[in-house]
Amino acid sequence: MSEFNPHSLDEDEFLEEVHSVDFWFHAVDGYLRDRTYGRIEGASHPDLDDTDRDNLITTLCNYCIGETAALEASSGLISIAPNRHSKIFLATQVVDEARHLEVFLRRLRDLGVEDPESEISVRANPHLVAFKDRLMELVAGHDWDAAVFAQNVVLETMEYTAFRAHMSTADPATAEVLDGVVKDERRHLGFGENDLGRRLMAMPEKRQRLAEIRRELDNLVLATFEEVQDSLGADRSRRVDLGSEYLDAIERLGLT
Ligand SMILES: [Fe+2]
Ligand SMILES: [Fe+2]
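Because the structure is a prediction, the values reported are computed rather than measured.

Asks: Teacher, can you tell me more about the overall build of the protein here?
Replies: Looking only at helices and strands, the protein has ten helices and two strands in total. Each helix and strand of the protein, ordered N terminal to C terminal, gives the series α-α-β-β-α-α-α-α-α-α-α-α. Dimensions of the protein, computed from C-alpha atoms along their principal axes, come out at roughly 55 × 45 × 30 Å. For the protein, the residues scored as buried account for 48% of the 256 residues in total.

Asks: Whenever I open this one, the environment of Glu176 confuses me. Can you help?
Replies: By the element assignment, Glu176 lies in helix 8 (residues 172-202). Setting aside chain neighbours within four positions, we find Glu176 in contact with Arg35, Gly38, Arg39, Ile40, Ala43 and His45. Looking at Glu176, its side chain comes within polar contact range of the main-chain nitrogen of Ile40, at 3.0 Å.

Asks: Honestly, helix 7 (residues 144-167) in this entry has me stumped. Any pointers?
Replies: Working note: α-helix, 3.6 residues per turn, so residues spaced by three or four point in the same direction. Taking 1.5 Å of rise per residue, 24 residues should cover 34 Å, and helix 7 covers 32 Å from first to last C-alpha, within 8% of that figure. The largest bend along helix 7 reaches roughly 30° and is located at Glu156. Taken across its 24 residues, helix 7 has 21 buried, putting it largely inside the fold.

Criteria and cut-off values
- Residues numbered from 1 in each chain as written.
- Chains lettered and ligands numbered in written order.
- Predicted model: local features only at pLDDT ≥ 70, side-chain atom pairs only at ≥ 80, totals over all residues.
- Heavy atoms only, no water.
- Helix = DSSP H or I, 4+ residues; strand = E, 2+ residues; numbered from the N terminus.
- Buried < 20%, exposed > 50% of the residue type's maximum accessible area, 1.4 Å probe, protein only.
- Contact = heavy atoms within 4.5 Å.
- Polar contact = N/O pair within 3.5 Å; in protein donor to acceptor, adjacent residues only side chain to side chain.
- Expected span 1.5 Å × (residues − 1).
- Bend = angle between axes of the 7 residues up to and from the residue.

Written out as structure tokens, the structure is:
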């Protein structure tokens with residue numbers, strides 16, 4: 001890649017550049033090259049004991065639900081995006097979300113899950129499924145502001161919070177996979193912050209609608225955290241932290 005300094009551009013040009021396929025390609029090449037399905041080739045990792053393995057399968061099944069939601073919603077958003085550079089960015093997000101789903105499915109297979117589709121149905125968290133349904137309803141209703149908020153702000157913040165926390169306790173193989181996923185999610189969140197930040201500056205009356213959507217979705221996010229961590233037997237203090245980390249992160253964005 002030639003020497004390029006995105007900060008030399010004005011704001012519109014900067015956003016077009018960082019949301020381009022070209023920028024995306026060079027970004028992912030930096031952390032996916034030399035990896036296969038998100039894992040460092042040739043690295044060996046110890047097996048997990050039965051309880052850890054079973055807990056991890058439940059967690060990964062629910063990650064697959066979140067990633068499927070993002071894959072379906074980001075592809076649906078392309079047709080209702082208000083401008084072409086948003087459509088281009090969303091196309092890169094579709095590929096990222098498909099890759100996330102793929103690496104989590106692959107990790108499930110590595111853990112000995114023979115039929116991930118049916119395992120996901122059995123272990124699905126009902127609050128997360130309700131979140132996915134609501135997100136898809138917003139996309140189907142062509143409600144760009146609400147849908148991009150639900151996906152690129154709420155869902156991305158939820159995933160970013162959960163994945164980062166998990167990385168600090170995960171087995172090395174899962175941590176490798178999560179590392180690449182988290183880098184992508186940060187980029188998706190950046191798009192949501194930028195897009196909505198600019199639209200709210202121009203149309204501050206939209207803020208109230210986003211606050212309503214947030215109230216509705218926060219409940220589903222917090223209930224999802226509670227239930228997944230209950231099933232994992234995580235200690236109570238860490239469980240509270242995850243919920244408040246999510247709420248703090250959303251609040252810091254200042255969109256509602
Ligand atoms: Fe994702
Ligand atoms: Fe994402």
